[in-house]
Amino acid sequence: MIFEPDTPCVNAVCPAHNREPRRDGAKPSLLIMHYTGMASAAKAIDWLARPESGVSCHYVIDEHGEITQLVPEEFRAWHAGASYWRGETDINSHSIGIEIHNPGHQHGYPDFPPKQMSSVIALSQDIVRRHHIAPDNILAHSDVAPGRKMDPGEKFNWHLLAKEGLGRWVRPFPVHADDAGLGLGSEGESILNAQKNLLAYGYGIETSGRLDAATEKVLKAFQLHFRPRRVDGRLDRSTEITLERLLEASGKRAAA
Ligand SMILES: [Zn+2]
């Protein structure tokens, strides 16, 4: 397989300029899911391969499920940007990035077609097996960049991935219409506990006991992934208990 930048796209390989060696000999331990947020997969591939874009990813999966590789896995691709997970800020050096074509929230946000999801699952299973990526390390771009990014969004079917052995999923506690939860500016023990749990799972958050703007963003990121029915950044009972269940399932207990 030819992977020099400037090599024309052939057989679902489209070499991107935007790549470099992984820093400090890092190995991929995270798998990050994105959506392209562009009009078509072809446009996204073209953009991600151009030097002037300053962005790239390892794979693009179009709406029919066709997979195109842009960057070999041993290289650092430029997909995560300013991000954080469990103490690590150089997410690009530690991850493999998959761009799933979907025009995104700004452009109608269609469902992810079943054929596309099948390819996401098959490719991810292969990556996870080869790099021994842990379930808790299969993440959304929104998980590592809360507020700044919301892809792949609440329509991405993490439950389906989990049924195929990919990622961590717990049954969300039901959402009740009459439980609006706590919002921006609220303070107290339940907020402090939720912050501790979010931090223990891996999110970048301060444990202040106050639901400030940064906490609201992280709550939204958590909901986009684990409680997609209502994404409002508020701490309701459903969010609180779903988060507890996730911690329980992962074996990560927050420090009391
Ligand atoms: Zn993204």
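Once a new chain begins, its residue numbering starts again from 1 and follows that chain's sequence as written. Note on the predicted model: pLDDT of at least 70 is required for a residue's local features to be given, and 80 or more for side-chain atom pairs to be given and counted; whole-chain, interface and lining totals, by contrast, use all residues. The side-chain quantities take in all heavy atoms of the structure and omit both hydrogens and water.

Peer 1: Please give an account of the side chain of S142 that cites residues and values.
Peer 2: As for its placement among the helices and strands, S142 is situated in helix α3 (residues 141–144). Non-local contacts of S142, meaning those with residues more than four positions away in its chain, are made with K149, M150, D151, A221 and L224. By definition, any uninterrupted DSSP run of H or I lasting at least four residues is a helix, any uninterrupted run of E lasting at least two residues is a strand, and each is numbered from the N terminus. Two residues qualify as a contact provided that any one of their heavy atoms is within 4.5 Å of a heavy atom in the partner residue.

Peer 1: A description of the coordination of the zinc ion should follow, citing residues and the corresponding values.
Peer 2: The protein atoms donating to the zinc ion are H34 (ND1), H141 (ND1) and D151 (OD), with metal-donor distances spanning 2.1 Å. Sequence spacing of the donors to the zinc ion: H-x106-H-x9-D. A residue pair is termed long-range when its members are at least 10 positions apart, and H141 in helix α3 and D151 in the loop between α3 and α4 (158–163) qualify at 10 residues. The residues H141 and D151 share a single accessibility class, namely buried. Because no water is among the atoms considered, metal sites can look incomplete, with donors defined as N, O and S atoms within 2.8 Å of the metal, or 3.2 Å for Na, K and Ca. Only protein chains enter the accessibility calculation, which uses a 1.4 Å probe; a residue whose area is less than 20% of its type maximum is buried, one above 50% is exposed, and one in between is partly exposed.

Peer 1: I'd like to hear about the packing of helix α5 (residues 189–201) against helix α7 (residues 237–250), residue by residue, with values.
Peer 2: Where α5 meets α7, the axes come as close as 10 Å, and the angle between the chain directions of the two elements is 35 degrees. Crossing of α5 against α7: the hand is left-handed. Residues S190, A194, N197, L198, A200 and Y201 of α5 form the contact with α7, whose participating residues are E240, L243, E244, L246, L247 and S250. What counts as an axis is a line fitted to C-alpha atoms, over the stretch in contact for a helix, and the angles between N-to-C directions run from 0 to 180 degrees. Here is the rule for handedness: rotate from the far helix to the near one, and if that takes an anticlockwise turn smaller than a right angle the crossing is left-handed, while a clockwise turn gives right-handed.

Peer 1: Any details on α5? Residues and values, ideally.
Peer 2: Three or four residues apart is the spacing at which side chains of an α-helix point the same way, because the helix has 3.6 residues per turn. What a helix should span is 1.5 Å times the count of its residues minus one. With 13 residues, α5 ought to run about 18 Å at 1.5 Å a step, and its terminal C-alpha atoms sit 18 Å apart, in line with that. Among the residues making up α5, those that are buried are I191, A194, Q195, N197, L198 and Y201. For α5, the arc enclosing every buried residue in end-on projection is 165 degrees, short of the 170-degree limit, so these residues lie on one face. Here the buried face of α5 lies against α6 (213–226) and α7. Phi for G202, located one or two positions after α5, is positive at around 145 degrees. In this description, the arc belongs to the directions extending from the helix axis to the C-beta atoms.

Peer 1: Could you give an account of the pattern of salt bridges, with specific residues and numbers?
Peer 2: The rule for a salt bridge is simple: a side-chain nitrogen of Lys or Arg has to be within 4 Å of a carboxyl oxygen of Asp or Glu. Counted according to the given criterion, the structure contains 15 salt bridges. Between D46 and R50 there is a salt bridge, with its nearest N and O atoms 2.9 Å apart. When its relative accessible area of 39% is taken as the criterion, D46 is described as partly exposed. By relative accessible area, which is 34% here, R50 ends up partly exposed. R130 serves as the salt-bridge partner of D126, at 3.2 Å between the closest nitrogen and oxygen. Here D126 pairs with R130, and both are found in helix α2 (residues 114–131), just 4 residues apart, close to one helical turn. Using a relative accessible area of 28% as the deciding quantity, one classes D126 as partly exposed.

Peer 1: Tell me about the domain arrangement of the chain, and please be specific about residues and values.
Peer 2: Here the domain parsing of the chain yields domain 1 (19–163) and domain 2 (189–250). A separation of 23 Å is found between the C-alpha centroids of domain 1 and domain 2. Facing 15 residues of domain 1, the contacting portion of domain 2 comprises 12 residues. Taken together, the links from domain 1 to domain 2 amount to 0 salt bridges. Pairs of N or O atoms within 3.5 Å make up the polar contacts considered here, provided that, within protein, one atom can donate a hydrogen while the other can accept it, and that residues adjacent in sequence are counted only when both atoms are side-chain atoms. Seen at the junction of domain 1 and domain 2, the total is 5 residue pairs in polar contact (both at pLDDT 80 or more). Broken down by secondary-structure element, the contributors of at least two residues to the side of domain 1 that touches domain 2 are β7 (138–140) and α3. Per element, the largest residue contribution to the side of domain 1 that touches domain 2 is 3 residues, and it comes from β7. All the domain ranges listed were derived from an automatic or database domain assignment.

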